[in-house]
Amino acid sequence: MIDAESAIFSRVAAAFTAAYPNGSRYGEQVDTPAKFPCLTLVEIDNATYQRSQDTAITEHHAAVIYELNCYSNKTSGAKQECKNIMALADQEMQQMGFTRLFCNQTKNMDSKIYRMTARYTGVISENYQIYRR
């Protein structure tokens, strides 16, 4: 299995931390972050890209999907803060070669927390080259 999740998370997390040094970031799902603003990035799907399998059924590429969530608990400006975080993370994901599937507001368990979710897809090679198609 081709596993680049840690490297992809690190790049997005570094950009987030540079802009929001007091925020929190996680490589796993979080319902109620302990510290705000917050960003999570998780690989939610990793499937063999069958078009590049050889006769020995060796995986050379994987089709992956990443889910990004951002959270803000500001009483005023939470939506804009999430949009700013999303724009920052989106830029990193697209520069790596991912395609955004969607981005929208997500209802959160705690209604005092504003949350946005985006998903990204790409095909990644054994040497971590990312392809849009």
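One can find the structure itself at the top, above this paragraph.
Residues numbered from 1 in each chain as written. Predicted model: local features only at pLDDT ≥ 70, side-chain atom pairs only at ≥ 80, totals over all residues. Heavy atoms only, no water.

Caption draft 1: Inspection of helix H1 (residues 5-19) at higher detail. The first and last C-alpha atoms of H1 sit 21 Å apart over 15 residues, in line with the 21 Å expected at 1.5 Å per residue. By the burial criterion, the buried members of H1 are Ile8, Phe9, Val12, Ala13, Ala15 and Phe16. The buried residues of H1 all sit within an arc of 160° when viewed along its axis, so they share a single face. Of the exposed residues in H1, the ones pointing more than 90 degrees away from its buried face are Ser6 and Ala18. Summarising the contacts, the buried residues of H1 are in contact with strand S1 (24-26), strand S2 (38-48), strand S3 (61-72), helix H2 (78-96), strand S5 (114-125) and strand S6 (130-131). (Helix = DSSP H or I, 4+ residues; strand = E, 2+ residues; numbered from the N terminus. Expected span 1.5 Å × (residues − 1). Buried < 20%, exposed > 50% of the residue type's maximum accessible area, 1.4 Å probe, protein only. Arc of directions from axis to C-beta. Contact = heavy atoms within 4.5 Å.)

Caption draft 2: Quick peek at the environment of Gln50. Tracing the sequence through the fold places Gln50 in the loop between S2 and S3. On the basis of relative accessible area, Gln50 is assigned to the exposed category, the value being 64%.

Caption draft 3: Examining unusual backbone geometry more closely. The peptide bond linking Phe36 to Pro37 adopts the cis configuration, its omega dihedral lying at -10°. By the element assignment, Pro37 lies in the loop between S1 and S2. Even without being glycine, Tyr128 reaches a positive phi, approximately 70°. One can find Tyr128 in the loop between S5 and S6.

Caption draft 4: Looking closely at the pairing of S2. Examined bridge by bridge, S1 and S2 share 3 bridges and lie parallel to one another. When the sheet's bridge partners are listed, Arg25 is paired in S2 with Leu39. Here S2 pairs with S3 via 10 bridges, running antiparallel. In the strand pairing of S3, Cys38 is matched with Tyr71. (Pairing = 2+ DSSP bridges.)

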